[in-house]
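Architecture at a glance
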Amino acid sequence: EQATHTRVRIGAIDDDAYAVFLDDVSEQRRFEEVRRDFVTNVSHELKTPSGAIALLAETISDAVDDPDAVRYFAGRITKESERLNQLVRHLIDLQRVQDMSAMQATQRVDALAAVREAIELNATSAQERQIDVRLTVDGQMHQMPQMHPSASSDSRFEVLADRESLTTAVRNLVENAIRYSPQHGSVVVVLERAGDTAPIDAASTHAVPTHAVRIRVVDQGIGIPKDAQARVFERFYRVDAARSRATGGSGLGLSIAKHGIEEHGGSLSMWSHEGFGSTFTIELPAAPENTEA
Ligand code: ADP
């Protein structure tokens, strides 16, 4: 039920006439509520790891004589601070995608370079969980250049977007694919051009072919139950809050990704089957052919 809120305002028309205005302030109220919930959620999320760190540090000082215990608790402190870091990073990203004026930030971006960077940024966690992350480009296995991070770009995959938003979106999808996969699992990132032969209006003589650059992140992890699928893009929503917190999620990754992609005229969609895995698909309109060259 959507309560409506009305504010009554009395305005003078002239010396002896008044008008009564009834302003609908529901929208404003809802915005206030969302903002308040957000702050409450953030505070809660920050409190959990920072409380744990304080507790673990105290435990360590009681266990100085037991090197194994010290190592164990130090490891847990590292994990908790990683969670704090991730949460803060996600908050900054969220702020960024929300503040962004798409037009202002739009540039020609090589999606291949952005995808490679996004995979690189997850290399440590993939290694930790022994998850094999592969990239295929137009159906071909792509060798990740180890030593040449700025290796040649590929104009077929150029999109008009904000480089950081695109990298962040893919990074978050890969991060999730790794997080929700079993140890030794595999994640495939697929980059391809789509719609090369599909004109907007086949009958029109001015038919403009539509091209899209498609990025898919495919995992064979735990999947998302049907009834939760519609909600995963909401801020702070988690299918299983306890499990997700244990594995280090912030509940923000997907909303950041979606916001950042849609801001640039793209789409982010999902297919998932519980117990089988998930596929997240980004589609962005390809940049027009570069005619300057
Ligand atoms: P989190 O930081 O908790 O992962 P997200 O916004 O990135 O938050 O995702 C929201 C929720 O959607 C997650 O808590 C998780 O339950 C579910 N989810 C996201 N990606 C996947 C995936 N690849 N496989 C299974 N569940 C996923």
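Not measured: the values here are computed from a predicted model.

1. So, the packing of helix α4 (residues 111-121) against helix α6 (residues 163-179)
- Axis separation between α4 and α6 bottoms out at 8 Å; the angle between their running directions is 45°. Judged by the angle between their axes, α4 and α6 are oblique. Here α4 runs over α6; the crossing is right-handed. For the pair formed by α4 and α6, the contact residues are Ala111, Ala113, Ala114, Val115, Glu117, Ala118 and Leu121 on the first element and Arg163, Leu166, Thr167, Val170 and Arg171 on the second.
- When grouped by side-chain class, the residues that make up the contact of α4 with α6 number eight nonpolar, one polar and three charged.

2. Concerning the side chain of Thr167
- Within the secondary structure, Thr167 sits in helix α6.
- Using a relative accessible area of 6% as the deciding quantity, one classes Thr167 as buried.
- The residues touching Thr167, leaving out its near neighbours within four places in the chain, are Ala114, Glu117, Ala118 and Leu121.

3. Some thoughts on the environment of Gly221
- Within the fold, Gly221 resides in the loop between β8 (212-219) and α7 (226-229).
- Along the chain, Gly221 and Ser186 lie 35 residues apart, while their C-alpha atoms are 8.6 Å from each other.
- The contacts of Gly221, once residues within four sequence positions are left out, are Tyr180, Ser181, Pro182, Gly275, Phe276 and Gly277.

4. Concerning the packing of aromatic side chains
- Under the counting rule described, the total for this entry stands at three aromatic pairs.
- For the ring pair Phe38 and Phe236, a centre distance of 5.4 Å and an interplane angle of 55° mean the geometry is tilted. Residue Phe38 is found in helix α1 (residues 26-62), and its partner Phe236 is found in the loop between α7 and α8 (241-247); the two are separated by 198 residues along the sequence.
- On the basis of an interplanar angle of 70° and a centroid distance of 5.1 Å, the ring pair of Tyr72 and Phe73 is categorised as edge-to-face.
- Accessibility expressed as a relative area gives 49% for Tyr72, which makes it partly exposed.
- Phe73 sits in the buried class, given a relative accessible area of 17%.

What counts and how
Residues numbered from 1 in each chain as written. Predicted model: local features only at pLDDT ≥ 70, side-chain atom pairs only at ≥ 80, totals over all residues. Heavy atoms only, no water. Axes fitted to C-alpha atoms, helices over the stretch in contact; angles between N-to-C directions. Helix = DSSP H or I, 4+ residues; strand = E, 2+ residues; numbered from the N terminus. Parallel < 35°, antiparallel > 145°, perpendicular 65-115°, else oblique. Left-handed = near helix turned anticlockwise from the far one by under 90°. Contact = heavy atoms within 4.5 Å. Nonpolar A, V, L, I, M, F, W, Y, C, P; charged D, E, K, R; others polar. Buried < 20%, exposed > 50% of the residue type's maximum accessible area, 1.4 Å probe, protein only. Phe/Tyr/Trp six-rings, centres within 6.5 Å; stacked < 30°, edge-to-face > 60°.

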